[in-house]
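Spelled out from the first residue to the last, the chains are:
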Amino acid sequence: MHFIGKDIDQYLSQREYVDTAVVPLLELNLSETGLKSSAGASEYLQSLTALLEKQFKGRILLFPPVSYTAGADRTRMAEEISSEMEKGGFRHVFYMTTDAQWRSMESLKNVLWLPAIPTGDMDRNFKQSVMEDQLRQVLPLFLNEWS
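Notes on the structure follow. (Residues numbered from 1 in each chain as written. Predicted model: local features only at pLDDT ≥ 70, side-chain atom pairs only at ≥ 80, totals over all residues. Heavy atoms only, no water.)

**Points about the packing of aromatic side chains**
One pair of aromatic rings is described through two measures. These are the centre distance and the angle between the planes.
At step 1: Enumeration over the complete set of coordinates arrives at 8 aromatic pairs.
At step 2: Here the aromatic rings of Tyr-68 and Trp-102 are separated by 5.6 Å at their centres, their planes lie at 80 degrees, and the arrangement is edge-to-face. With Tyr-68 in strand E3 (residues 66-69) and Trp-102 in the loop between strand E4 (92-97) and strand E5 (111-113), this residue pair connects regions lying 34 residues apart in the sequence.
At step 3: Relative accessible area serves as the criterion here: at 4%, Tyr-68 is assigned to the buried category.
At step 4: Plain terms: the ring middles of Phe-142 and Trp-146 are 5.8 Å apart, the flat faces sit at 65 degrees to each other, and that makes the pair edge-to-face. Within this pair, Phe-142 and its partner Trp-146 are both found in helix H4 (residues 124-146), separated by 4 residues, close to a single helical turn. Summarising the burial analysis for this pair, Phe-142 and Trp-146 share the class buried.
At step 5: Joined through ring pairs, the aromatic side chains of Phe-3, Tyr-11, Phe-63 and Phe-90 make up one cluster.
At step 6: The cationic tip of Arg-59 hangs over the ring face of Trp-146; the distance from NZ or CZ to the ring centre is 4.0 Å.
At step 7: We note Arg-103 situated over the ring of Trp-113; from NZ or CZ to the ring centre the distance is 4.4 Å. (Phe/Tyr/Trp six-rings, centres within 6.5 Å; stacked < 30°, edge-to-face > 60°. Helix = DSSP H or I, 4+ residues; strand = E, 2+ residues; numbered from the N terminus. Buried < 20%, exposed > 50% of the residue type's maximum accessible area, 1.4 Å probe, protein only. Lys NZ or Arg CZ within 6 Å of the ring centre and 35° of its normal.)

The following block contains the structure:
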């Protein structure tokens, strides 16, 4: 389920079955040299998490990307996001990011770091194939957490 009105209505009525949250973490770099890579990382993360949501619809709630700048206090962000997810009653929370700095956050469990693959200029079919390959790498991590 996506974090949109109609899906949230469904989530509220089926809350006991939706035990997993997916939170994309996206660093914004609006400098001349960083803008394109930041946009590419955003496109990649959003494509991958949408595919993941489609695979597990009814089991996960996909949150919108949490965007932050390079100078953001990731430790404070980790504590705040983690606390909010706990309040929400999610038994499993996955944080997906292309920012390697999140891997060192001990307060966050299930940080999935993925190198951003620039998909913007790819042929649609090839992009779909690449995203499915990436999904196959991520799926066992979810299945392992759930078992």
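Past the structure itself, the notes keep going.
**Looking at a nonpolar patch on the surface**
At step 1: Taken together, Leu-28, Leu-30 and Leu-35 make up a surface patch of nonpolar side chains, about 290 Å² in accessible area.
At step 2: Checked against the element boundaries, Leu-35 lands in helix H2 (residues 35-55).
At step 3: Take Leu-35: its relative accessible area is 43%, and that puts it in the partly exposed class. (Patch = residues over 30% accessible without salt bridge, like charges linked within 9 Å, V, L, I, M, F, W, Y side chains within 5 Å. Areas by Shrake-Rupley, 256 points an atom, 1.4 Å probe, with all protein chains shown as cover. Salt bridge = Lys/Arg side-chain N within 4 Å of Asp/Glu carboxyl O.)

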